[in-house]
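Fold and geometry: a report
Spelled out, the chains give:
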Number of protein chains: 2
Amino acid sequence: MSLLVIGTLAYDSVETPYERRSDALGGSATYFAAAASAFGPLDLVGIVGRDFKPEHLEFFARRGVDTTGLEVAHGATFRWSGRYEADWNTRHTLATHLNVLQDFDPKIPERGRKAEYLFLANGEPRVQHKALDQVERPRFVMADTMNLWIDIAKEPLLHLLRRVDAIVLNEEEARMLTGEKSLLRAAGAVLGLGPRFVILKKGEHGAFLLSKDVHFSIPAYPVENVVDPTGAGDSFAGGFMGYLASQGKHDAATLRRAMLFGTVTASFCVEGFSVEGLSSRSRTDVDLRYDELLSIVTV
Amino acid sequence: MSLLVIGTLAYDSVETPYERRSDALGGSATYFAAAASAFGPLDLVGIVGRDFKPEHLEFFARRGVDTTGLEVAHGATFRWSGRYEADWNTRHTLATHLNVLQDFDPKIPERGRKAEYLFLANGEPRVQHKALDQVERPRFVMADTMNLWIDIAKEPLLHLLRRVDAIVLNEEEARMLTGEKSLLRAAGAVLGLGPRFVILKKGEHGAFLLSKDVHFSIPAYPVENVVDPTGAGDSFAGGFMGYLASQGKHDAATLRRAMLFGTVTASFCVEGFSVEGLSSRSRTDVDLRYDELLSIVTV
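Residues numbered from 1 in each chain as written. Chains lettered and ligands numbered in written order. Predicted model: local features only at pLDDT ≥ 70, side-chain atom pairs only at ≥ 80, totals over all residues. Heavy atoms only, no water.

Before going further, it helps to examine the overall build of chain A. When you go through chain A residue by residue, the secondary structure sums to 11 helices and 13 strands. Relative to its length of 299 residues, chain A is compact, with a C-alpha radius of gyration of 17 Å against a globular reference of 19 Å. Expressed along its principal axes, the backbone C-alpha trace of chain A runs to roughly 50 × 40 × 35 Å. Burial status across chain A gives 58% buried among its 299 residues. Residue pairs at least 24 apart in sequence account for 64% of intrachain contacts in chain A once pairs closer than 6 positions are excluded. Carbon and sulfur atoms form 48% of the exposed surface of chain A, whose accessible area is close to 11700 Å². (Helix = DSSP H or I, 4+ residues; strand = E, 2+ residues; numbered from the N terminus. Rg over C-alpha atoms; globule rule 2.2 N^0.38 Å. Buried < 20%, exposed > 50% of the residue type's maximum accessible area, 1.4 Å probe, protein only. Contact = heavy atoms within 4.5 Å. Areas by Shrake-Rupley, 256 points an atom, 1.4 Å probe, with all protein chains shown as cover.)

Residue and element names in this part refer to chain B. A two-sided burial pattern is seen for strand β1 (residues 3-6), the buried positions comprising L3 and V5 on one face and L4 and I6 on the other. Pairing between β1 and strand β8 (residues 117-120): four bridges, direction parallel. Bridge pairing in β8 places L4 opposite L118. Alignment of β1 against strand β4 (residues 42-49), held across three bridges, turns out to be parallel. Bridge pairing in β4 places I6 opposite V45. (Pairing = 2+ DSSP bridges.)

What follows is about the interface of chain A and chain B. Taken together, the contact between chain A and chain B spans 27 residues of the former and 27 residues of the latter. One salt bridge in this structure joins B:E224 and A:R185, with 3.6 Å as the shortest N-O distance. Going through the elements one at a time, α8 (183-191), β13 (215-218), α10 (252-270) and α11 (283-297) of chain A are the ones with two or more residues in the side of chain A that touches chain B. Broken down by element, the side of chain A that touches chain B gets its largest block of residues, five residues, from α11(A). Across the side of chain A that touches chain B, the residue classes tally to 13 nonpolar, seven polar and seven charged. (Salt bridge = Lys/Arg side-chain N within 4 Å of Asp/Glu carboxyl O. Nonpolar A, V, L, I, M, F, W, Y, C, P; charged D, E, K, R; others polar.)

Residue and element names in this part refer to chain B. Strand order in the open sheet made by the four strands is β3-β2-β6-β7, with mixed pairing throughout. Each edge of the open sheet carries a strand with a single partner, namely β3 (20-26) and β7 (91-97). Going from strand to strand, the sheet's axes swing by 20° on average, the running direction of each strand aside. Sheet topology note: the strand β2 (residues 10-15)/strand β6 (residues 79-84) ladder contains five bridges and is parallel. Across the sheet, V14 pairs through a bridge with G82, a residue of β6. (Axes fitted to C-alpha atoms, helices over the stretch in contact; angles between N-to-C directions.)

Residue and element names in this part refer to chain B. One open sheet holds the nine strands; their spatial order is β5-β4-β1-β8-β9-β10-β11-β12-β13, and the pairing between them is mixed. The open sheet has two free edges, formed respectively by β5 (65-73) and β13 (215-218), since each of these has just one partner strand. Here the average twist between neighbouring strands, direction ignored, is 15°. Of the strand pairs in this sheet, β8 and strand β9 (residues 140-144) are connected by four bridges, and their pairing is parallel. Residue pairing in the sheet places Y117 in a bridge with F140 of β9.

With that out of the way, let us pick up the confidence of the model for chain A. The share of residues in chain A with pLDDT of 70 or more is 100%, and the mean pLDDT across the chain is 96. Interface confidence for the predicted complex, given as ipTM, is 0.86, next to a pTM of 0.91. (pLDDT = per-residue confidence, 0-100.)

This brings us to the packing of helix α4 (residues 125-134) of chain B against helix α6 (residues 154-161) of chain B. Residue and element names in this part refer to chain B. Packing of α4 against α6 leaves a shortest axis separation of 8 Å and a crossing angle of 35°. Here α4 and α6 pass one another in a crossing that is left-handed. Along the contact surface, α4 presents P125, Q128, H129 and L132, while α6 presents P156, L157, H159 and L160. For the contact of α4 with α6, the residue count by class is five nonpolar, three polar and no charged. (Left-handed = near helix turned anticlockwise from the far one by under 90°.)

For the match of chain A to chain B, the screw axis carries a shift of 0.0 Å, the RMSD comes to 0.0 Å, and the turn is 180°. In symmetry terms, the pair is related by a two-fold rotation axis. Mapped onto chain B, 100% of the interface residues of chain A are again interface residues, and the two copies thus contact each other with one and the same surface. (Least-squares fit on C-alpha atoms with pLDDT ≥ 70 in both.)

Looking now at the side chain of B:D165. Residue and element names in this part refer to chain B. Within the secondary structure, D165 is located in the loop between α6 and β10 (166-170). On the accessibility criterion, D165 (15% relative accessible area) is buried. Ignoring anything within four residues of it in the chain, the contact list for D165 reads R139, F140, V141, P195, R196 and F197.

Two measures describe an aromatic ring pair: the distance that separates the ring centres and the angle between the ring planes. All names here are of chain A. Scanning all chains against the criterion turns up 24 aromatic pairs over all chains. A centroid spacing of 5.4 Å and a plane angle of 85° characterise the contact between F39 and F261, whose relative ring orientation is edge-to-face. Of this pair, F39 sits in the loop between α1 (28-36) and β4 (42-49) while F261 is found in helix α10, placing the two residues 222 residues apart along the sequence. Classification of F39 by relative accessible area gives buried; the value is 10%. Grouped by ring-pair contacts, the aromatic residues F39, Y243, F261 and Y290 constitute a single cluster. Sitting over the face of the ring of Y11, K53 holds its NZ or CZ atom 5.3 Å from the ring centroid. (Phe/Tyr/Trp six-rings, centres within 6.5 Å; stacked < 30°, edge-to-face > 60°. Lys NZ or Arg CZ within 6 Å of the ring centre and 35° of its normal.)

Before going further, it helps to spend a moment on helix α2 (residues 54-62) of chain A. Because an α-helix completes one turn every 3.6 residues, residues spaced three or four positions apart along the sequence face the same direction. Residues and elements named next belong to chain A. If you check which residues of α2 are buried, you get H56, F59 and F60. Down the axis of α2, the sector holding all buried residues measures 95°, keeping them to one side. Along α2, exposed side chains directed more than 90 degrees from the buried face belong to P54, A61 and R62. Buried positions along α2 lie against β2 (10-15), β3 (20-26), α1, β4 and β5 (65-73). Directly beyond the C-terminal end of α2, a positive phi value near 75° is found at G64. (Arc of directions from axis to C-beta.)

Let us look at the nonpolar core. Ranked by internal contacts, the top residues of the largest apolar core, which has 63 residues, are A:F140, A:M142, A:F240 and A:M241. Per-element accounting of this core gives the leading share, 10 residues, to α10(A). When residues no more than four places from it in sequence are discounted, the contact partners of A:F140 are A:E116, A:Y117, A:L118, A:D165, A:A166, A:F197, A:F240, A:M241, A:L244, A:H250 and A:L255. Within the second largest apolar cluster, 62 residues are counted, among which are B:L25, B:F119, B:V168 and B:L209. (Core = buried A, V, L, I, M, F, W, Y, C linked by side-chain atoms within 4.5 Å.)

On the secondary structure map, B:D144 appears in strand β9. In this structure B:D144 touches B:F119, B:L120, B:A121, B:N122, B:Q128, B:I167, B:V168, B:K201 and B:D234, once residues within four positions along its chain are discounted.

Per the counting criterion, the structure on display carries 43 salt bridges over all chains. For A:D43, the salt bridge is made with A:R111, and the minimal N-O distance between the two is 2.5 Å. In this pair, A:D43 sits in strand β4 while A:R111 sits in helix α3 (residues 110-113), placing the two residues 68 residues apart along the sequence. Judged by its relative accessible area of 12%, A:D43 is buried. Among the ionic pairs, B:R79 bridges to B:D51, the shortest N-O distance being 2.7 Å. Here the residue B:R79 occupies a position in strand β6, and B:D51 occupies one in the loop between β4 and α2 (54-62), the gap between them amounting to 28 residues. Given the relative accessible area of 22%, B:R79 is considered partly exposed. Looking at B:D51, the relative accessible area reads 28%, which means it is partly exposed.

Written out as structure tokens, the structure is:
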């Protein structure tokens, strides 16, 4: 398969009502790659500092993630810390240290430039544009973003929306971006901004996909024991894009199945801290849970 | 079909962020009957006061709802008033006047006693027991309840759970009843209390059905313009039980389809104040939206 992700790599410090972890491997590109790699090899472009641990490079290698495009810069790796409330839906960001991320100027290696499937993980829209500029003829480009960029970089973000096939947003972002309170109307309004597909993530309440022709809605996989929700959205995107890239197509039926695969990888993600819930998941593990999820949603 | 509902009839005063209505027809049995009647005739047992308007009796007659078992007592009809926040999920009860409901002693007429499908709508568990005692050989009994009864009548409610086939609860009720925070675990714990089936209603986030053998989850129908959420749960139950009764069976496949029909009738309900969203809906209207919902959830 031909899949490229560009995004952040981070060391996260996370507090949940039950546990805490410091400097655990995180970042949007990391979670995406951990999930997508269950479907086949992919390329990762990002930036880390000199403090990035060899064991984490080995983790990517073991998962078939090519890190040729991972720049190791002077300085420290991006750091994020946050705390979750007991309902898991309320997250407080305690600190963000951009470190090397401040000067990220993505350079996509040869193979990545020829990628057919491209995920622009959450990051500065200016950087997402720079990455997109370098990929020659992508067949399907999906982008993610966050409230920060809607606030401080709305123009380049709106421009990006006109250059991608799909955008993945959570409820709050969709409302912020469009001013529409109804999620369905917000999703419709996002389509009017350019992308052919919008995916709205609703966390424990599932996700839906909207295009001119397709409307597909799916509940979340019922995880019994949530450990850490960090990275669930990127893991969803990883399962979604990993499946599309593994199939080499993105027709309506394939997109619907991809929504299930994304739901599955997101459910693995939240069952562990950092990438622990994903790190040893094979395609077989994914397929087993896919079948279970399919039985739960099939009328 | 052979379907009986026992529950409340009320005059509701409702404030939403956009509008308000006073003394509009409401109550658990009312909403249930308004929804279920799209599938065929049914019997209703309840109590109202002398102030109950003839036009509302005519409404039931027009929908094929037999009100032989509706007692008209001295005094005023049960009144409820509440206010919704802009997110629709927060509801403040402003006032409750039980009026004639205080002395409700249900007497089920001849045909109702032979009902095959029975819905014990939200009401005092003692009254639900009395009604159940009078139905001779029901094939499928579903009950609803609310946080108040979990608080002040837990023993008779727990006893009721051992006498019914299915219980329908919202998230808060399931957590209150079981002490489990995870919805799936809470639903599992409810099964341990007696019923073979538990339906968990999650409002705008859909619903799921759990039994020893069946786990089915469905998102809500995407309503673009919510007018008044009052009665959505009872309308869900009405579509669910109406479909089962119209089919005369409740095997796993029928139950899954019933979850969709309940979702459809609940969506009609919230599109209007009182029973306005349901009052003129035919089986054809229901089937059209069912097909649309099916296309939204089919992988």
